[in-house]
Amino acid sequence: KGSTKTTYHIVVLGAEGVGKTALVVRYLTRRFLSEYASTEESTYNRTVNVDDKNVQIKITDVIGKSVKQPSYVRSKIQKIDGIVVVYSVTDRRSYEAALNLLDLIRLHARPGTSTPTILVGNKVDLEHIREVDADDAEKDASEYPDCFPMESSAATLPDEAAVIFESLLKKLINKRDSL
Ligand code: GDP
């Protein structure tokens, strides 16, 4: 199949400060920085290898207030193939924001369809100040169609960002191949 010519568009959503940019930068460059100075939405176009196939990906890292606007989220989810929703395990409010995003995503899906989504609990290196249990996230994620929970630390688990994006890409490839 012509999957090498296909582009998979992934959008990364979540409250400010949870580590969205850190995860994307970790995946694409393998590095971690302590500050990310971006104030605008960034889109990265890359070719990556997943399951011995080269696939084109486009990752949109959403910055700032736009993520809180339902109309913005709606316009995005109707154009993209996969979603990463990030919260920080150290911040209960960011988790509630993530669940609100999952509600919006489900609400705005085209009838009979769903968009593969990974719900990511980031900052697990800060275990001593954890506010969100992995078990709760697992239970809540199961309430949404095509939604899978994972945990990560962009800071201390250098391979985890790739595991997250690749597992999402595998779902997108399987979905498109089965059409
Ligand atoms: P964004 O607003 O969601 O894009 O968040 P950033 O990627 O800008 O990260 C916000 C802050 O959290 C920065 O100071 C990062 O260095 C820090 N950060 C990101 N990921 C982690 C992590 O896994 N562990 C810890 N301890 N800090 C992190």
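All of the points below concern the structure found in this document. All residue numbers here refer to positions counted from 1 along the written sequence of the relevant chain. Thresholds applied to this predicted model are a pLDDT of at least 70 for local features of residues and 80 or more for the giving and counting of side-chain atom pairs; totals over whole chains, interfaces and linings are not thresholded and use all residues. The basis for the side-chain values is all heavy atoms of the structure; hydrogens and waters are excluded.

### Observations concerning the site of the ligand
Right, so step 1: Whether a residue is near a molecule or strand depends on its heavy atoms: if one lies within 4 Å, it is near. Surrounding the ligand, one finds 20 residues, the nearest of these being G17, K20, A22, S34 and D125.
Right, so step 2: For this analysis, a polar contact is any N or O atom pair within 3.5 Å, provided that within protein one partner can donate a hydrogen and the other can accept it, and provided that sequence-adjacent residues contribute only side-chain to side-chain pairs. K123 places a polar side-chain atom, nitrogen or oxygen, 3.1 Å from an oxygen atom of the ligand.
Right, so step 3: A distance of 3.3 Å separates an oxygen atom of the ligand from a polar side-chain atom of S153.
Right, so step 4: Computed with the Shrake-Rupley method and a 1.4 Å probe, the accessible areas treat only the protein chains shown as cover for residues. Bound to the protein, the ligand loses 82% of the 580 Å² it would expose on its own.
Right, so step 5: Here the ligand occupies the largest pocket.
Right, so step 6: Going along the chain from the N terminus, every DSSP run of H or I of four or more residues is numbered as a helix, and every run of E of two or more is numbered as a strand. Among the elements that make up the shell around the ligand, the one with the highest residue count is helix 1 (residues 20-29) (three residues). Note on definitions: the grid is 1 Å and covers protein atoms alone; a cavity is a set of points where a 1.4 Å probe fits but cannot get out; a pocket is an open set with protein on both sides within 12 Å along at least five of seven lines; lining residues have an atom within 4 Å of a point. To decide whether a molecule occupies a pocket or cavity, check its atoms: if more than half lie within 2 Å of the grid points, it is inside.

### Section: empty space enclosed by the protein
Right, so step 1: Grid points are joined across faces, edges and corners, and a volume is the space filled by probe spheres set on the points. Per the stated rule, a full pass over the model turns up one cavity of 30 Å³ or more.
Right, so step 2: Looking at the largest cavity, its volume works out to about 70 Å³.
Right, so step 3: Top element by residues in the lining of the largest cavity is helix 3 (residues 92-108). It accounts for three residues.
Right, so step 4: Basically, the charged four are Asp, Glu, Lys and Arg, the nonpolar ten are Ala, Val, Leu, Ile, Met, Phe, Trp, Tyr, Cys and Pro, and anything else, Gly included, counts as polar. Classifying every residue of the lining of the largest cavity by side-chain character gives six nonpolar, three polar and one charged.

### What about the packing of aromatic side chains?
The relative placement of two aromatic rings is captured by the distance of their centres and the angle of their planes.
Right, so step 1: Aromatic rings from Phe, Tyr and Trp, taking only the six-membered ring of Trp, are treated as a pair when their centres fall within 6.5 Å; an angle between ring planes under 30 degrees marks them as stacked, one over 60 as edge-to-face, and anything in between as tilted. Scanning the entire structure with this criterion turns up two aromatic pairs.
Right, so step 2: Between Y27 and F165 the ring centres are 4.7 Å apart and the planes differ by 10 degrees, which places this aromatic pair in the stacked class. A residue pair is termed long-range when its members are at least 10 positions apart, and Y27 in helix 1 and F165 in helix 5 (residues 160-177) qualify at 138 residues.
Right, so step 3: Summarising the aromatic geometry, the rings of Y87 and Y95 are spaced 4.7 Å apart at their centres and angled 65 degrees between planes, so their arrangement reads as edge-to-face. The burial state of Y87 is the same as that of Y95; both residues are buried.
Right, so step 4: Across from the ring centre of F148, 3.7 Å away, lies the NZ or CZ of K171, which sits over that ring. Partly exposed describes any residue whose relative accessible area lies between the buried limit of under 20% and the exposed limit of over 50%, with all areas from a 1.4 Å probe on protein chains only and scaled to the type maximum. Either the NZ atom of lysine or the CZ atom of arginine qualifies as a charge over a ring when it sits within 6 Å of the ring centre and within 35 degrees of the ring normal.

What is shown is where atoms sit, not what they do.
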